[in-house]
Amino acid sequence: MSRTLIVKNVVIGEGIPKICVPLIGATLTELKQEAEALKELNPDLVEWRTDFFEKVEDLEAVKSALSDIHAIIPDLPLIFTFRSAKEGGEKQVSIEYYIALNVAAAESGLVDIIDVELFNEEQDVRGLVEAAHAHNVAVIISNHDFHKTPPKEELISRLCKMQELGGDLPKIAVMPQDAGDVLTLLEATHIMKTKHADRPIITMSMAGAGVVSRLSGEIFGSALTFGAAHKPSAPGQVAVADLRNVLSLLHRSL
């Protein structure tokens, strides 16, 4: 039985999958406008995708923006994410800066979760997990494949590795080539959830074919799903209102 993760009274891994909405503004003005709009959407969590931010390579500018975002939505759990270009993000930075960026976020007292990509050096991943946990910040360890869906066994292996490395929320997102790939992701999720996981997991199949995976987490075992406020940050993201309606419908049917 997998444990839950509680972040600011949001219980991840229990009941209806929690909805996270990304902030993807390029400027501070855009970010603040997006954060204000979230008050009406009422998501469970918010993710700041810092790779979209035009000043992301200025650590002081990032910290200042983080403070402004937190001031607008202080009660919403905040995930701090720099998605690298190699995993579908907007830009690439050195591993040294990537580490410094995430450590600064963890030490700020303004974020609840940081996202650390699995395919870095293991010692770097472990170091970031330790740094985050030292400041009571949870960690998503993630992997994104925007080209294909690996075999079921590989998906499970990666999720298990994330768990082994100390990730509080193992996360994997893959691109389907056909409906069979979506079934592969869903089966891997179910097996991971029922046989290996001792914590909540996050999985999704991207693009249009994969939308069903974003909606059916409560059935197959994914504890969190990402919804779009306006512009999606990844292929296949569903508008928050539609997402909430379908998740609620499925929950009532179970």
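Residues numbered from 1 in each chain as written. Predicted model: local features only at pLDDT ≥ 70, side-chain atom pairs only at ≥ 80, totals over all residues. Heavy atoms only, no water.

**Regarding the overall build of the protein chain**
Now for step 1: Looking only at helices and strands, one finds nine helices and 11 strands in the protein chain.
Now for step 2: Expressed along its principal axes, the backbone C-alpha trace of the protein chain runs to roughly 45 × 40 × 35 Å.
Now for step 3: Across the 254 residues in the protein chain, those meeting the buried criterion constitute 53%.
Now for step 4: Partitioning the intrachain contacts of the protein chain with sequence separation of at least 6 by distance along the chain shows that 73% fall at a separation of at least 24.
Now for step 5: Put simply, the protein chain shows about 10800 Å² of open surface, and 52% of that area lies on carbon and sulfur atoms. (Helix = DSSP H or I, 4+ residues; strand = E, 2+ residues; numbered from the N terminus. Buried < 20%, exposed > 50% of the residue type's maximum accessible area, 1.4 Å probe, protein only. Contact = heavy atoms within 4.5 Å. Areas by Shrake-Rupley, 256 points an atom, 1.4 Å probe, with all protein chains shown as cover.)

**Considering unusual backbone geometry**
Now for step 1: One non-glycine residue, Lys8, adopts positive backbone phi at about 50 degrees.
Now for step 2: The residue Lys8 is located in the loop between strand 1 (5-7) and strand 2 (10-12) in this model.
Now for step 3: By relative accessible area, Lys8 is classed as partly exposed at 33%.
Now for step 4: At Ala207, a residue that is not glycine, the phi angle is positive and equals roughly 65 degrees.
Now for step 5: Summarising the element assignment, Ala207 is placed in the loop between strand 9 (202-205) and helix 7 (211-215).

**Considerations on the UniProt feature "active site" (unreviewed entry) in the protein chain**
Now for step 1: Following the UniProt record, one finds the feature "active site" (unreviewed entry) at His144 and Lys171. A compact arrangement is adopted by the annotated residues: their sequence extent is 28 residues, whereas the largest C-alpha distance between any two is 8.4 Å.
Now for step 2: Looking at where His144 falls in the secondary structure, it is placed in strand 7 (residues 138-145).
Now for step 3: Here His144 falls in the buried class, since its relative accessible area comes to 10%.
Now for step 4: Discounting chain neighbours no more than four positions away, the residues touching His144 are Arg83, Glu87, Lys171 and Ala173.
Now for step 5: Inspection of the secondary structure puts Lys171 in strand 8 (residues 169-174).
Now for step 6: Under the relative-accessibility criterion, Lys171 is labelled buried at 4%.
Now for step 7: Sequence-distant contacts of Lys171, that is, excluding residues within four places in its chain, are made with Arg83, Asp115, Ile140, Ile141, Ser142, Asn143, His144, Leu159, Met162, Ile202, Met204 and Phe226. (UniProt positions renumbered as here; feature names shortened; annotations may be inferred.)

**Some points on the layout of surface pockets**
Now for step 1: Quantified by volume, the second largest pocket comes out at close to 170 Å³.
Now for step 2: Lining the second largest pocket are 15 residues; nearest its centre among them are Gly15, Lys193, Gly217, Glu218 and Gly221.
Now for step 3: Of all elements in the fold, only helix 6 (179-196) and helix 8 (217-220) reach the threshold of two or more residues within the lining of the second largest pocket.
Now for step 4: Of the residues forming the lining of the second largest pocket, the biggest block, four residues, is contributed by helix 8.
Now for step 5: The residue makeup of the lining of the second largest pocket, split by class, is five nonpolar, seven polar and three charged. (1 Å grid on protein atoms, 1.4 Å probe; cavity = no way out; pocket = protein on both sides within 12 Å on 5 of 7 lines; lining within 4 Å. Points joined across faces, edges and corners; volume = space filled by probe spheres on them. Nonpolar A, V, L, I, M, F, W, Y, C, P; charged D, E, K, R; others polar.)

**Focus on the nonpolar core**
Now for step 1: Counting 59 residues, the largest nonpolar core has Trp48, Phe53, Val62, Phe80, Val111, Ile114 and Ile141 as the members making the most contacts within it.
Now for step 2: Grouped together as the second largest cluster of nonpolar side chains are 19 residues, Val10, Ile140, Leu169 and Met175 included. (Core = buried A, V, L, I, M, F, W, Y, C linked by side-chain atoms within 4.5 Å.)

**Let's talk about helix 6**
Now for step 1: Over its 18 residues, helix 6 runs 25 Å from end to end, which matches the ideal 26 Å to within 8%, given 1.5 Å per residue.
Now for step 2: Among all positions in helix 6, only Asp181, Val182, Leu185, Leu186, Ala188, Thr189, Ile191 and Met192 are buried.
Now for step 3: In this structure, the buried side of helix 6 is in contact with helix 5 (152-164), strand 8, strand 9, helix 7 and helix 8.
Now for step 4: Its side-chain oxygen placed 3.0 Å from the backbone nitrogen of Gly180, Asp178 serves as the N-cap of helix 6. (Expected span 1.5 Å × (residues − 1). Polar contact = N/O pair within 3.5 Å; in protein donor to acceptor, adjacent residues only side chain to side chain.)

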